[in-house]
Amino acid sequence: MAEKKSLIDKIQDLDPKIIYAILLVSLLIPYVRPLGLPIPISPETRAYWDYITHMPPGSVVAVQLASDPSTIPQTRSSHQITILRLFEQDCKVFFFTLRDDAPPLHEEMMKWVEAHLSAGKTITYGVNYVNIGYVADAEATIASLVADVKGLVEQDAYGNSLSSLPMMADINTGADFDLVVWNDGSRGIYMYALRQWREKLGTPLVIIAATINKPGIMNYIQSGQVAGGAFGVDGGAQIETISGYLGDAKKATEPGSLSALTLTILLLVSNTIYISKRFGKQPEIKGGEVK
Amino acid sequence: MSVVEFLTILLPVSFTIFVMTLAYDDNPLYEIGAYLLIGSSAGWSAVVIIDFLRKSAWTPSFTGKPLYFLSILLGLALFARYFKNYRWLYRYPMAIVIGTGVGLAINGAIGAQITKQISANFLPLVSGAPMTIFNNLLIIIGSMTSLSYFLFTDRFSNKYLGGISKIGRLFLMATFGAGFGSVMTFRIETIIGRIDYLVLPANLYYSIVVTILVLAYLIGRDYLRRKKQP
């Protein structure tokens, strides 16, 4: 006859599929019935947005996109609202990307930006913005860009000569930029901008990144080297809340919160069982018999 | 709806669900989804990178900047690794890549990652809001005690001073915990990104139909497997 398992043993031997199913249900609940949880604004997101909104008209801003198709849901809201806001403030934007799969994402976000510009506002390629597209993912690329923008690539993403674009007339080195907006995705390559741009020229730097990079970047926000940051879906939802623009992030925070809560409960249960088994009363063994 | 529009919705929805079936078990649908993703990503990357090479090295080297051709030769030398007699050639571009990378990184790191991070620890402890003072104190104690954990001299392993490194270990554990938490949140947010896509009004009908078909396949496959077992 098979030995009867205790509840603790049953939980310990739980099929991972059941855990996945519990997690999936917790993810889907807010889609069916939104919970209406509040979205508090963190100091780093507030600092990020304040920096963007205080850029004077005519400022030249470099925007780097290193999100890939898997991380773009986490950074899309922050990224596209930032671009929209910069255009609304008549800033000139210089786009580039260190990820080879990011250029289509940039084009997709530009469509959203153009569709959401305020009535009567128009942006012209070459005058309000320039896009050089993909450049090699290396620190040397940023060092080269900072030293000589037109020396890095002579053509933009669409085959135009950079020298022929009106916006590029006064942009020659990294010192000609007033702000760097660095969308890091989950790459952890913000160090390139920090070391080669912020450190060498003192150009202010703000970062958009997936949640995974937040702990690392917070060190540099605390030290003042990074002016602010928007991290993950939560950061995007905060930017949506402050700016008033509607994106995908706000509705994604509730499934995130609920599934994180589920995972925390599962972690607590599993650790409690582990600790109780490790430090609990052990069966006494005497003369080969369990007593 | 045209065939192209139909496929533009059906394929991403299907492949997203195929990849998610790994949570059930390793199965042919997951493999189809994963391998197609890897293959198409590699193909896409090759096209974009070749275009970048054309713009930044090939075209300039034939339009008045012949030295740019050197970068193409160095890039080709990397492939010498696959030829036994010319294997040594790949060391030159590698040396340049590593040397330039390390040189540039160290140059910026001393200021950005060492001196400025140290000076960021000189925080006010007497002025400001009580919560700010408490946070500053926490940062200073956390930094000092965490650093002491990596001092392996006798002074820090004795009965009294050893306690400092033990406090540092607690701070380190809290940091690792925060890191682990952010990794979990990141993974969840990645899944949410795909679920958001699946539940878009235009995609929802396809998502439901594909999910039902995929589940039917997985359950049917399991049923047949069990039936075959003696």
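Scoring rules and cut-offs
- Residues numbered from 1 in each chain as written.
- Chains lettered and ligands numbered in written order.
- Predicted model: local features only at pLDDT ≥ 70, side-chain atom pairs only at ≥ 80, totals over all residues.
- Heavy atoms only, no water.
- Domains from an automatic or database assignment.
- Helix = DSSP H or I, 4+ residues; strand = E, 2+ residues; numbered from the N terminus.
- Buried < 20%, exposed > 50% of the residue type's maximum accessible area, 1.4 Å probe, protein only.
- Pairing = 2+ DSSP bridges.
- Right-handed = clockwise from strand over helix to strand, strands pointing away.
- Expected span 1.5 Å × (residues − 1).
- Contact = heavy atoms within 4.5 Å.
- Core = buried A, V, L, I, M, F, W, Y, C linked by side-chain atoms within 4.5 Å.
- Buried area = accessible area lost by both parts, 1.4 Å probe.
- Salt bridge = Lys/Arg side-chain N within 4 Å of Asp/Glu carboxyl O.
- Polar contact = N/O pair within 3.5 Å; in protein donor to acceptor, adjacent residues only side chain to side chain.

**Some details on the domain arrangement of chain A**
Inference 1: According to the domain assignment, chain A contains domain 1 (7-36 + 255-290) and domain 2 (43-245).
Inference 2: In this structure, domain 1 of chain A and domain 2 of chain A have C-alpha centres spaced 42 Å apart.

**As for the environment of B:Ser61**
Inference 1: Mapped onto the elements of the fold, B:Ser61 is located in helix H2 (residues 28-61).
Inference 2: Along the chain, B:Ser61 and B:Ile72 lie eleven residues apart, while their C-alpha atoms are 9.3 Å from each other.

**Digging into the pairing of strand E2 (residues 92-97) of chain A**
All names here are of chain A.
Inference 1: Counting buried positions over the six residues of E2 gives five, a clear majority of the element.
Inference 2: As defined by bridge partners, strand E1 (residues 60-65) adjoins E2 across six bridges and the pair is classed as parallel. Across the sheet, Leu-65 pairs through a bridge with Thr-97, a residue of E2.
Inference 3: Handedness of the β-α-β unit built from E1, helix H4 (residues 72-88) and E2 comes out right-handed.
Inference 4: Here E2 runs beside strand E3 (residues 129-134); their pairing, made up of four bridges, is parallel.

**Some points on helix H5 (residues 130-148) of chain B**
Residue and element names in this part refer to chain B.
Inference 1: Here H5 contains 19 residues, and its C-alpha end-to-end distance of 27 Å stays within 8% of the 27 Å for a straight helix at 1.5 Å per residue.
Inference 2: Buried within H5 are the following residues: Asn-136, Ile-140, Gly-142, Thr-145, Ser-146 and Ser-148.
Inference 3: The inward-facing, buried residues of H5 abut helix H6 (162-198).

**Notes on the nonpolar core**
Residue and element names in this part refer to chain A.
Inference 1: The biggest cluster of nonpolar side chains holds 42 residues, and the ones touching the most others in it are Phe-94, Phe-96, Met-168, Trp-182 and Trp-197.
Inference 2: At six residues, the largest contribution of residues to this core is made by helix H8 (residues 190-201).
Inference 3: In this view, Trp-197 contacts Ala-62, Phe-96, Ile-142, Leu-145, Val-146, Gly-174, Phe-177, Val-180, Tyr-192, Gly-202 and Thr-203; residues no more than four positions away in its chain are not counted.
Inference 4: If you look at the next biggest cluster of nonpolar residues, it comprises 26 residues, including Tyr-48, Trp-49, Ile-83 and Met-110.

**Focus on the interface of chain B and chain A**
Inference 1: Listed per partner, the contact involves 44 residues of chain B and 55 residues of chain A.
Inference 2: In total, about 4000 Å² of surface goes out of reach between chain B and chain A, with carbon and sulfur atoms giving 64% of it.
Inference 3: For the interface between chain B and chain A, the tally reads two salt bridges.
Inference 4: Residue A:Glu154 pairs with B:Lys65 through a salt bridge whose shortest N-O separation is 2.6 Å.
Inference 5: At the boundary of chain B with chain A, the tally comes to 16 residue pairs in polar contact (both at pLDDT 80 or more).

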